[in-house]
There are 2 protein chains.
Amino acid sequence: MTEHADVDDAVAQAMTVMPALAAAGCAGRARLMLAIADELHADGDAIVELADRETALGLPRLRGELARTVHQLRLFADVLSEGGYLEVTIDHADPDAAPAPRPDLRRMLVPVGPVAVYAASNFPLAFSVAGGDTTSALAAGCPVVVKVHSGHPHTSLRCGAAVRQGATVAGLPEDVLQLVQGRSAGVALVRHDDIQAVGFTGSVEGGRALYDIAVSRPRPIPFYGELGSINPFVVTPAAAAERAEEIGRGLAGSFTLGLGQFCTKPGLAFVPDGEDGERLIQALVGAAAPVPGGRMLTPAIRDSFHAGADERAAQPGVRTVLAAKGESKPRVLLTRAPTMPDMLLDECFGPLVVVVEYNGSAQLSAALNRVPGSLTATIHCGQKDEIVATVVRQLIDKVGRMVFNGYPTGVAVTWAMHHGGPYPSSTFPHHTSVGATAIRRFLRPVAYQDAPEAQLPLELREDNPLRLPRRVNGRYVPGA
Amino acid sequence: MTEHADVDDAVAQAMTVMPALAAAGCAGRARLMLAIADELHADGDAIVELADRETALGLPRLRGELARTVHQLRLFADVLSEGGYLEVTIDHADPDAAPAPRPDLRRMLVPVGPVAVYAASNFPLAFSVAGGDTTSALAAGCPVVVKVHSGHPHTSLRCGAAVRQGATVAGLPEDVLQLVQGRSAGVALVRHDDIQAVGFTGSVEGGRALYDIAVSRPRPIPFYGELGSINPFVVTPAAAAERAEEIGRGLAGSFTLGLGQFCTKPGLAFVPDGEDGERLIQALVGAAAPVPGGRMLTPAIRDSFHAGADERAAQPGVRTVLAAKGESKPRVLLTRAPTMPDMLLDECFGPLVVVVEYNGSAQLSAALNRVPGSLTATIHCGQKDEIVATVVRQLIDKVGRMVFNGYPTGVAVTWAMHHGGPYPSSTFPHHTSVGATAIRRFLRPVAYQDAPEAQLPLELREDNPLRLPRRVNGRYVPGA
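Attention here is on the structure that accompanies the text. (Residues numbered from 1 in each chain as written. Chains lettered and ligands numbered in written order. Predicted model: local features only at pLDDT ≥ 70, side-chain atom pairs only at ≥ 80, totals over all residues. Heavy atoms only, no water.)

**Here's the deal with the relation of the copies chain A and chain B**
And then number 1: Overlaying chain A with chain B gives an RMSD of 0.0 Å, the required rotation being 180° about an axis along which the chain moves by 0.0 Å. Seen this way, the second copy is the image of the first under a two-fold rotation axis. Proximity to the rotation axis, assessed at the C-alpha, singles out Val215 of chain A in chain A; its C-alpha lies 3.4 Å from the axis.
And then number 2: Looking at the interface residues of chain A, 97% of them are also at the interface in chain B, so both copies use one shared face. (Least-squares fit on C-alpha atoms with pLDDT ≥ 70 in both. Contact = heavy atoms within 4.5 Å.)

Okay, structure coming up:
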């Protein structure tokens, strides 16, 4: 790992490996994905132990996170093997086309160039050195320079070594991934003229500061940031009537999971007032109370959680219904929809949930109107529940993923996953940081017009030697 | 049209029509596209005459532009009817999935909300009120507020009326499109909290100023700007040897077309020195000399062209080889690759081309390195031309469209077209403002997790009532 002065070297090195990564093609980069997955898997026990020492997230959770990280690499190997992500599109020349004769046009997506990744504190594996941003950028064909998170430097180094070893095994230069550390290196990285895009997971404050640098460069670049998310959680009266206790217990499990250090932690739970809501809150408090506290990711995060929780509890109209003694123990606050203070709309990172009691759908709707953009929203509804469609319509405008009768923590890494949402949950809700389509962030289209066959990349050749799925003259044609 | 004070009203109105536009679905919006196309076509003669009076672009060119605008609407009707643009992706629940049981996930793209469009001076039809930005935003399901260009206000009103009438015919509110005018309205529009994305075509200066506002809002929004482009044009020695005169004449036609008022005008032509290059330059000058000047789009554009051309001609090492007397007559400047002044790398909007003589591929490569991001690059090459692959590789990094043995002016509106490129030619090279995929700018993904069938939009239902193409468990399944 390098300090500030070496950011220039790292980016220069990234530029030199770019042709090799591009030349590897989909097949070569699919092999890269699998080789990195194998290296991470092989070194998994040591990585997980290191990560636990640095983050205190616990071995079971970290084993799961490693498995997810490995799975993610294999998913991108599938994405590369299938090839649809290239969006190969061919329009044959047509001298008789209306309104004007048209040339032969062939479009595909190409890598944007070196990518900067800012690792997250809360996922030392899945959103860090070998995480989703790095994996999708490498899959796209972009070399990556990661600014490691100061909360888990040794884990970062070890994962970095696995990625670089995987590159070697796959016959690629190990510098497809490089690491830098330190705040000033982070700033130098986003400013560097040869960096073409940024992936970031972290706080609203830190993310917005880097975003502002990225977009105010002489040549601005896209900054794909995943920032803060309050993740509204709505329980309809029918759902509360049907299964108050079950939902209360489930919510307790979700908001306390990993000490509440998930970007998808439900932070604001809308519960109907009255008897059913009371039962739900009792179950919630009952299930959360015995959940142990523990060491949060970093001392700064712990301090911020305690201060943020105390500040929220002191707001007018807010009542504390659970605040067990001890470090980072779960907290439950209660407020009422019409008088909910603004501060409760901001994420409080850690094991805290605010229950917002509402009376009727007009109160619920007015309160939901105030909720900021989020990664997820959740609704618990009854079998025949008249208000669901209206609430969902309102929530969908604000979020990237809509969860029904479940819990938003736990993000499946699949083709259909979307992990992103309106600001401040992400800086660019058009894109995702999890799932197969995360690769799209690091690609740009290029069109070839009337190119001689020999000058076309293999992906665009008429005889389709790579057997890619493609759209020809407007019609989809399957691949191999 | 409204002045500044009414931007709030226009956006509020856009918010109210959003549900109707969404509810129309692909089929309803395809009908909208066709109805607008019909209205524009029916009123075509009057629109073209008005546009000619306001822009002096000439009837034949404007008739072509109208046909292109109508064609564009019909292409988006096809895009909507096919439905692949929705990127419907379904992963079924799998309790046995590794590394963790996975829920049912269903992803599709949804409209982002009200879009602001800033119309161009140089395409009063195809990049203006009823142009590509408006069409692709409406197709996506986003209401549009256009800031009309002051160069053709009456044409704008007339096209606006056609779009609104088309909406009525298609059974939609006419306020799916609204117009505002004036600089302060333009600024108020990009600042408005309910505007979710911006399409812009214009100068680097104006575009960057609006871009800076868009990204520094409390909640930033994507600004899809098409700004300035120098469009490098390379003639290899083999091509010059084979057909110097033909290329010289073709280049003259391309850089003088419409008084050089195209964003894809070739502005910088790299020509081998020596005898073949001389022949090419002679043919270029010979063909450009008799091309008449005329009225440019606006007095400001004319003044800027004359000043910019004079300033470039006065640079050290630059020789004027054609500067016919008269308003906005074609100009040809000549310089040498190793000493090319920086100023020549900036677009000079109007009928001016700079010929850069190079001696050997090292000189060519060093000069191309200095070329900024552009919408297009062009290469003219010989039958068996060894340097082509190297030059193309260098150019592709800088541009969105690579033209072979042709001319970059004339942008076909097709599925495979890409009209965008690295900064400053566009603010976001991941996206296009022309062609079927322009719609992607105004859409964001949403994922439904474990939604009851009744709560799913029709697009995501298991039985696929809309017969959309979709990806199910990773595999593409064709639609109807």
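**Thoughts on the pairing of strand β9 (residues 268–272) of chain A**
All names here are of chain A.
And then number 1: Most of β9 is tucked away: five of the five residues are buried.
And then number 2: Across the two faces of β9 the burial is the same, with Leu268, Phe270 and Pro272 and Ala269 and Val271 all buried.
And then number 3: With three bridges connecting them, strand β8 (residues 232–235) and β9 associate as parallel partners. For Phe233, the partnering residue across the bridge sits in β9 and is Ala269.
And then number 4: For the crossover from β8 across helix α9 (residues 237–256) to β9, the handedness is right-handed.
And then number 5: Pairing between β9 and strand β12 (residues 352–358): five bridges, direction parallel. By the bridge assignment, Ala269 is partnered in β12 with Val355. (Buried < 20%, exposed > 50% of the residue type's maximum accessible area, 1.4 Å probe, protein only. Helix = DSSP H or I, 4+ residues; strand = E, 2+ residues; numbered from the N terminus. Pairing = 2+ DSSP bridges. Right-handed = clockwise from strand over helix to strand, strands pointing away.)

**Regarding the pairing of strand β3 (residues 115–118) of chain A**
All names here are of chain A.
And then number 1: What you see with β3 is no split at all: Val115 and Val117 on one side and Ala116 and Tyr118 on the other are buried throughout.
And then number 2: Across four bridges, the pairing between β3 and strand β4 (residues 144–147) is parallel. Across the sheet, Ala116 pairs through a bridge with Val145, a residue of β4.
And then number 3: Two strands pair when backbone bridges link them, and β3 and strand β6 (residues 197–201) are joined in this way by four bridges, in the parallel orientation. Looking across to β6, one finds that Ala116 is bridged to Val198.

**Things to note about the interface of chain A and chain B**
And then number 1: Contact residues are listed per partner, giving 69 residues for chain A and 67 residues for chain B.
And then number 2: At the boundary of chain A with chain B, total buried surface from both sides reaches about 5,600 Å², with 60% on carbon and sulfur atoms.
And then number 3: When the area that chain A buries against chain B is broken down by residue, the three leading residues are His430, Arg444 and Gln449 of chain A, summing to 12%.
And then number 4: Joining chain A to chain B, the criterion identifies two salt bridges.
And then number 5: Measuring nitrogen to oxygen at the nearest pair gives 3.1 Å for the salt bridge that ties Glu82 of chain B to Arg471 of chain A.
And then number 6: Along the contact surface separating chain A from chain B lie 38 residue pairs in polar contact (both at pLDDT 80 or more).
And then number 7: For the side of chain A that touches chain B, the elements supplying multiple residues, two or more each, are α4 (59–82), β1 (89–91), β2 (105–111), α8 (204–216), α13 (388–396), β14 (399–404) and β15 (443–449) of chain A.
And then number 8: In this sheet, strand β14 (residues 399–404) of chain B lies alongside β15 of chain A in parallel orientation, the contact comprising three bridges. Each bridged residue has a counterpart across the sheet, and for Gln449 of chain A the counterpart in β14 of chain B is Val403 of chain B. (Buried area = accessible area lost by both parts, 1.4 Å probe. Salt bridge = Lys/Arg side-chain N within 4 Å of Asp/Glu carboxyl O. Polar contact = N/O pair within 3.5 Å; in protein donor to acceptor, adjacent residues only side chain to side chain.)

**Section: unusual backbone geometry**
And then number 1: For the peptide bond that leads from Ala98 of chain A to Pro99 of chain A, omega is 0°, which places it in the cis range.
And then number 2: Locating Pro99 of chain A in the fold gives a position in the loop between β1 and β2.
And then number 3: Backbone torsion omega between Tyr423 of chain A and Pro424 of chain A reads 10°, so that peptide bond is classified as cis.
And then number 4: In this fold, Pro424 of chain A is placed in the loop between β14 and β15.
And then number 5: Non-glycine residue Asp450 of chain B carries a positive phi angle of around 55°.
And then number 6: Looking at where Asp450 of chain B falls in the secondary structure, it is placed in the loop between β15 (443–449) and β16 (470–472).

**Some words on the sheet that holds strand β4 (residues 144–147) of chain B**
All names here are of chain B.
And then number 1: The sheet built from five strands is open, its strands ordered β5-β4-β3-β6-β7 with parallel pairing. The open sheet is flanked by β5 (177–180) and β7 (223–226), the only strands paired with a single partner. The mean angle between the axes of side-by-side strands here comes to 15°, regardless of whether they run parallel or antiparallel.
And then number 2: Pairing geometry for β4 and β5, over four bridges, is parallel. From the neighbouring strand, Val146 faces β5, where its bridge partner is Leu179.
And then number 3: Packed onto the sheet, helix α5 (residues 132–140) meets β3 (115–118), β4, β5 and β6 (197–201) and runs at close to 170° relative to β4. (Axes fitted to C-alpha atoms, helices over the stretch in contact; angles between N-to-C directions.)

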